[in-house]
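# Fold and geometry: a report
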Amino acid sequence: LFENPTVSVQDKVAALQAATKTHGAYAKACSEGKGVDRHLLGLRLVLQPGEEKPAIFQDPAYADSCHWYLSTSQLSSEHFEGWGFSEVVPDGYGIAYTIRKDALIFHIAAMKNEFGLNSDHLAHYIKEAATEMRATIMAAKLGPKL
């Protein structure tokens, strides 16, 4: 959508606002223990030793959903200058980020191993996306807040 030059600034802003609203609602639900992964974890933890696993836990899609290629953590404060966060799988990234009044700060971690992940490349694309979103918001004259 953002790469399409025929899409209006207003439509891009509307899409960004919708995505922000949806993400916020999902993050709130997760923080209240209502995320789907929490529900599935609860079901898995109540299984008794030797009890047959339900079919969902034997499905390859479930195994894929438990492999966190991207693990993130947010710490929003004007007072923290540095902190760390790490990847949780050998072929994944860990990203700690903070949203400040006038800045976005990202700490990106990935293991140096045979998977060839490149934190610098990921940082480049995060910066590119953030810059495009900022330019769109500024073009719509919305200021720094959506």
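Below or above, wherever it landed, is the structure these notes cover. All values reported here derive from a predicted model rather than from experimental measurement.

Roughly 2200 Å³ of internal volume is contained in the largest pocket. As for the largest pocket, its lining consists of 46 residues, and the residues nearest its centre are H23, Q74, Y97, I99 and F106. Broken down by secondary-structure element, the contributors of at least two residues to the lining of the largest pocket are helix 1 (9-31), helix 2 (36-45), helix 3 (60-65), strand 1 (70-74), strand 2 (93-99), strand 3 (104-110) and helix 4 (119-139). If one sorts the elements of the lining of the largest pocket by residue count, helix 4 sits on top with 9 residues.

Our focus in this paragraph is the packing of aromatic side chains. We describe a pair of aromatic rings using the distance from one ring centre to the other and the angle between the two ring planes. Counted under the stated rule, the structure contains 2 aromatic pairs. Considering the side-chain rings of F57 and Y62, the 5.0 Å spacing of their centres and the 80° angle between planes classify their relative orientation as edge-to-face. A single burial state applies to F57 and to Y62, both of which are buried. An angle of 25° between the planes, with centres 6.1 Å apart, marks the rings of Y97 and F106 as stacked. By relative accessible area, Y97 is classed as buried at 18%. Residue F106 is classed as partly exposed on the basis of its relative accessible area, which comes to 34%.

What follows is about the pattern of salt bridges. For the structure shown, the criterion picks out 2 salt bridges. For K28, the salt bridge goes to E32, with nearest N and O atoms at 2.8 Å. Given the relative accessible area of 41%, E32 is considered partly exposed. For the salt bridge of K34 with E32, the shortest nitrogen-to-oxygen distance reads 3.2 Å. Within this structure, K28, E32 and K34 form a network of salt bridges that share partners.

Now for a nonpolar patch on the surface. A surface patch of nonpolar side chains, about 270 Å² in accessible area, is lined by I99, L104 and F106. Along the chain, L104 falls in strand 3. The partly exposed category is assigned to L104, whose relative accessible area is 47%.

With respect to the helices, strands and loops of the structure, K12 is situated in helix 1. Among buried Asp, Glu, Lys and Arg side chains, K12 stands out as unpaired, with E132 the closest opposite charge at 7.3 Å. Those residues in contact with K12 that sit more than four places away from it in its chain are L1, F2, N4, V7 and T136.

A separate point is the side chain of E87. Mapped onto the elements, E87 comes out in the loop between strand 1 and strand 2. No salt bridge is formed by the buried E87. Its closest oppositely charged neighbour is K112, at 12 Å. One polar contact links the side chain of E87 to the main-chain amide nitrogen of A110, over a distance of 3.3 Å. With sequence-adjacent residues up to four places away left out, E87 is seen in contact with G92, Y93, G94, A109, A110 and M111.

About the thresholds
Residues numbered from 1 in each chain as written. Predicted model: local features only at pLDDT ≥ 70, side-chain atom pairs only at ≥ 80, totals over all residues. Heavy atoms only, no water. 1 Å grid on protein atoms, 1.4 Å probe; cavity = no way out; pocket = protein on both sides within 12 Å on 5 of 7 lines; lining within 4 Å. Points joined across faces, edges and corners; volume = space filled by probe spheres on them. Helix = DSSP H or I, 4+ residues; strand = E, 2+ residues; numbered from the N terminus. Phe/Tyr/Trp six-rings, centres within 6.5 Å; stacked < 30°, edge-to-face > 60°. Buried < 20%, exposed > 50% of the residue type's maximum accessible area, 1.4 Å probe, protein only. Salt bridge = Lys/Arg side-chain N within 4 Å of Asp/Glu carboxyl O. Patch = residues over 30% accessible without salt bridge, like charges linked within 9 Å, V, L, I, M, F, W, Y side chains within 5 Å. Areas by Shrake-Rupley, 256 points an atom, 1.4 Å probe, with all protein chains shown as cover. Lys, Arg positive; Asp, Glu negative; His and termini not counted. Contact = heavy atoms within 4.5 Å. Polar contact = N/O pair within 3.5 Å; in protein donor to acceptor, adjacent residues only side chain to side chain.

As far as function goes, none of this settles anything; it's purely spatial.
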